[in-house]
2 protein chains.
Amino acid sequence: MYIGVDLGGTNIAVGLVDENGKVVSKASTPTINTRPYTEIVKDMADLSFKIIEDAGLKKEDIKAVGIGSPGTIDTKNGVVVLANNLRMKNAEVAKEFRKHFDVPVTLENDANAAAYGEYIATGVKAECFVLITLGTGIGGGVVIRDDLLRGFNGAGGELGHVTLVHDGLLCTCGKKGCWETYGSVTALISQTKKAMEENPDSLMHEIAEEYGSVNGRVAFDAAKKGDSAGQAVVDKYLEYVADGISGMINIFQPEYLVIGGGISKEGDYILEPIRKFVEGNGYNKYLAKTKIQIAKLFNDAGIVGAALSAKKNMK
Amino acid sequence: MYIGVDLGGTNIAVGLVDENGKVVSKASTPTINTRPYTEIVKDMADLSFKIIEDAGLKKEDIKAVGIGSPGTIDTKNGVVVLANNLRMKNAEVAKEFRKHFDVPVTLENDANAAAYGEYIATGVKAECFVLITLGTGIGGGVVIRDDLLRGFNGAGGELGHVTLVHDGLLCTCGKKGCWETYGSVTALISQTKKAMEENPDSLMHEIAEEYGSVNGRVAFDAAKKGDSAGQAVVDKYLEYVADGISGMINIFQPEYLVIGGGISKEGDYILEPIRKFVEGNGYNKYLAKTKIQIAKLFNDAGIVGAALSAKKNMK
């Protein structure tokens, strides 16, 4: 049995994960990121003990613990080098965790961990597998020959930070025109707001009012109800997403490219236009094609991926 | 001893390569791409026999042959699926070669082979290594954990076909705004011609006349002589190149990113602005940085990489 920890800016989610990547049980607690990281890590350990006990197990039944954290991660030393939304800098998370729970601990970037989790969940031995997460930003991760692409410094796999629009909008990373500045849910919300200003009669206004705010669903809901301004937002947004995806496919030619994050709940509604764009814009026209799918694990990807990454590191 | 074959649209270059990747001798012959591929392959074998004999060796001294070919390659079956500039489609190159010379034969995409050659030449065991070739297009290849990134269908590593300018200029691949449409030497020549039209007094006109045509050196030569229009072309061109490179670094975080192709002869003159752009636009600000360098093997990269790839496949 393994423990997977999904450390987020808002919540710490901890799960008990079996050898096959199945989540047996889970629990969560607020991160409260204003605290020193040592306290956050103590909560991670305490929550682990709780779910172990609740499952009628002992500490000794846990072979390893995997932690997925946002930010720049030094995987070799188990250090969160920098994670703004955790307010952590050079936090020795793995070492600190072991003070409470003396077990092998693996620390991975959360998006990379999720990619590994989705890879295992897809149940294939793929030469190459890519996860794209459309959320606040565009996250993602790449599995190549059964292991994560981490780069030599552990910070690899930032798929959202390739330029999609040269000299375009400023990204939070400081570079201009990053894919995530056009294809993330944050971007979709900006695009929706702009279209609402330009189209005072659009259904989007009504829908946003019902939600209480402009969120990533507004344009999709409006489009489905036949609103042309909403449809235009969705079409352009998915074109940005698909354009980035086609580039990733040209680079990696993965057997599977899997889309996660909130927007992925739209399912075939987003898959069809994305597949169509990629089909019409792919470099490889004569060989087997990448299967583009919706992620399977959704919210559990982080927990499962972290746990299985820890399992992998045991070998 | 190994044989490396660099199969190009214009010439077939064949080299005798030792265990360490040193080119002992080489020879070349025109490809004449209007011929059936079987004749081209026969020339590859004949040229191999010639350099083996000239070196005082026997066929039995050759452990394996590696062939690097442009186009879409089915590496598993040794087939050139499609290579427009060789006029080959579903050409069973490896099988055909073995009819003449019964030895293990490896077929790789030429840019991938070159990346592997440069990786070995750099003499490091890098977790990740990227080669970018600025030529007619932008080629390249990626070595991860000592092996090439080929994708599940063998067509991976097309780094030049990520979008750099969404909805931009049409690329030869059919997609709009590919990096190579802005960062290749072909693109540089277009950019130079446009600037020449707009600047009738620029030194570029004189320089182009001396060369007899507008080539990739015109703007660089003019810039070095203080021509402001030439400098503007170089600055913008290198910005396109560097913007794509910064994306590749964010994806791969390679220990080395090496630049090859004709333009790479400009050395520090291109490295300095590229490094400056990447430094200012990198996602990773807190960990070890990718070393950006000029390729070492230059024209021999294809031969060496193909031979060493064949050597690797022997294991």
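Residues numbered from 1 in each chain as written. Chains lettered and ligands numbered in written order. Predicted model: local features only at pLDDT ≥ 70, side-chain atom pairs only at ≥ 80, totals over all residues. Heavy atoms only, no water.

Caption draft 1: Fine view of the environment of threonine 290 of chain B. The topology assignment puts threonine 290 of chain B in the loop between helix H9 (268-281) and strand S13 (291-294). Expressed as a C-alpha distance, the spacing of threonine 290 of chain B and phenylalanine 129 of chain B, which sit 161 residues apart in the sequence, is 9.3 Å. Once you skip the residues sitting within four places of it in the chain, threonine 290 of chain B turns out to touch Phe152 of chain A together with Ile249, Gln253, Pro254, Glu255, Tyr256 and Leu257 of chain B. Of note is the side chain of threonine 290 of chain B, whose polar atom sits 2.7 Å from the backbone oxygen of proline 254 of chain B. (Helix = DSSP H or I, 4+ residues; strand = E, 2+ residues; numbered from the N terminus. Contact = heavy atoms within 4.5 Å. Polar contact = N/O pair within 3.5 Å; in protein donor to acceptor, adjacent residues only side chain to side chain.)

Caption draft 2: Here's a closer look at the packing of helix H5 (residues 185-198) of chain B against helix H8 (residues 228-252) of chain B. Residue and element names in this part refer to chain B. For the pair H5 and H8, the least separation of the axes is 10 Å and the interaxial angle reads 150°. By the angle between their directions, the pair H5 and H8 is classed as roughly antiparallel. Classified by chirality, the crossing of H8 by H5 is right-handed. Note on element contacts: H8 touches H5 through Val233, Tyr237 and Tyr240, opposite Val185, Leu188, Gln191, Thr192 and Ala195. Considered class by class, the residues forming the contact of H5 with H8 number six nonpolar, two polar and no charged. (Axes fitted to C-alpha atoms, helices over the stretch in contact; angles between N-to-C directions. Parallel < 35°, antiparallel > 145°, perpendicular 65-115°, else oblique. Left-handed = near helix turned anticlockwise from the far one by under 90°. Nonpolar A, V, L, I, M, F, W, Y, C, P; charged D, E, K, R; others polar.)

Caption draft 3: Seen up close, the interface of chain B and chain A. Listed by partner, the interface residues are 54 residues for chain B and 53 residues for chain A. Of the roughly 4,600 Å² buried at the junction of chain B and chain A (both faces included), carbon and sulfur atoms supply 61%. Linking chain B with chain A are two salt bridges. Residues lysine 175 of chain B and aspartate 243 of chain A are paired through a salt bridge, measuring 3.8 Å at the closest nitrogen-oxygen approach. For the interface between chain B and chain A, the tally reads 26 residue pairs in polar contact (both at pLDDT 80 or more). If you list the elements that add at least two residues to the side of chain B that touches chain A, you get strand S5 (72-74), strand S6 (79-83), strand S11 (147-148) and H8 of chain B. (Buried area = accessible area lost by both parts, 1.4 Å probe. Salt bridge = Lys/Arg side-chain N within 4 Å of Asp/Glu carboxyl O.)

Caption draft 4: Looking closely at the confidence of the model for chain A. For chain A, the average pLDDT comes to 95, and 100% of its residues sit at 70 or higher. As scored by the predictor, the complex reaches a pTM of 0.93 and an ipTM of 0.92. (pLDDT = per-residue confidence, 0-100.)

Caption draft 5: Representation of the pattern of salt bridges in the model. Summed over all chains, the structure comprises 33 salt bridges over all chains. Between lysine 95 of chain A and glutamate 92 of chain A there is a salt bridge, and its shortest N-O distance comes to 3.7 Å. What makes lysine 95 of chain A partly exposed here is its relative accessible area of 47%. When its relative accessible area of 35% is taken as the criterion, glutamate 92 of chain A is described as partly exposed. Across the pair arginine 35 of chain B and aspartate 43 of chain B runs a salt bridge whose closest N-O atoms are separated by 2.9 Å. (Buried < 20%, exposed > 50% of the residue type's maximum accessible area, 1.4 Å probe, protein only.)

Caption draft 6: How the structure looks around the packing of helix H3 (residues 110-122) of chain B against helix H10 (residues 301-314) of chain B. Residue and element names in this part refer to chain B. Put simply, H3 and H10 touch, their axes get as near as 7 Å, and they point 85° apart. By the criterion of interaxial angle, the relationship of H3 to H10 is roughly perpendicular. Here H3 contributes Ala113, Ala114, Tyr116, Gly117, Glu118 and Ile120 to the contact with H10, which in turn contributes Ala301, Gly302, Val304, Gly305, Ala306, Leu308, Ser309 and Lys312.

Caption draft 7: Quick peek at the relation of the copies chain B and chain A. Rotating chain B by 180° about the axis while translating it 0.0 Å along that axis superimposes it on chain A, leaving an RMSD of 0.0 Å. Such a combination of turn and shift is consistent with a two-fold rotation axis. Mapped onto chain A, 98% of the interface residues of chain B again fall at the interface, so both copies present the same surface. (Least-squares fit on C-alpha atoms with pLDDT ≥ 70 in both.)

Caption draft 8: Focus on unusual backbone geometry. Phi is positive for asparagine 90 of chain A, which is not a glycine, with a value near 50°. Within the secondary structure, asparagine 90 of chain A sits in strand S7 (residues 88-91). Of note in this structure, arginine 87 of chain B is not a glycine but carries a positive phi near 55°. Residue position: arginine 87 of chain B is located in the loop between S6 and strand S7 (88-91).

Caption draft 9: Representation of the packing of aromatic side chains within the structure. Residue and element names in this part refer to chain A. All chains considered together, the criterion is met by 15 aromatic pairs over all chains. Judged by centre distance (5.2 Å) and plane angle (55°), the rings of phenylalanine 49 and phenylalanine 101 are tilted. One end of the pair, phenylalanine 49, is in helix H1 (residues 37-54); the other, phenylalanine 101, is in the loop between helix H2 (93-100) and strand S8 (105-109), with 52 residues separating them in the sequence. For phenylalanine 101, a relative accessible area of 4% puts it in the buried group. Centre to centre, the rings of phenylalanine 220 and tyrosine 269 are 5.9 Å apart; their planes meet at 65°, and the pair counts as edge-to-face. In this pair, phenylalanine 220 is assigned in helix H7 (residues 218-224) and tyrosine 269 in helix H9 (residues 268-281), connecting sequence segments 49 residues apart. Residue class for tyrosine 269 comes out partly exposed when judged on its relative accessible area of 28%. Every member of this aromatic cluster is reached through a ring pair, and the members are Tyr116, Tyr119, Phe129 and Tyr256. The ring of tyrosine 256 has lysine 291 lying over it, and the distance from NZ or CZ to the ring centre is 5.2 Å. (Phe/Tyr/Trp six-rings, centres within 6.5 Å; stacked < 30°, edge-to-face > 60°. Lys NZ or Arg CZ within 6 Å of the ring centre and 35° of its normal.)

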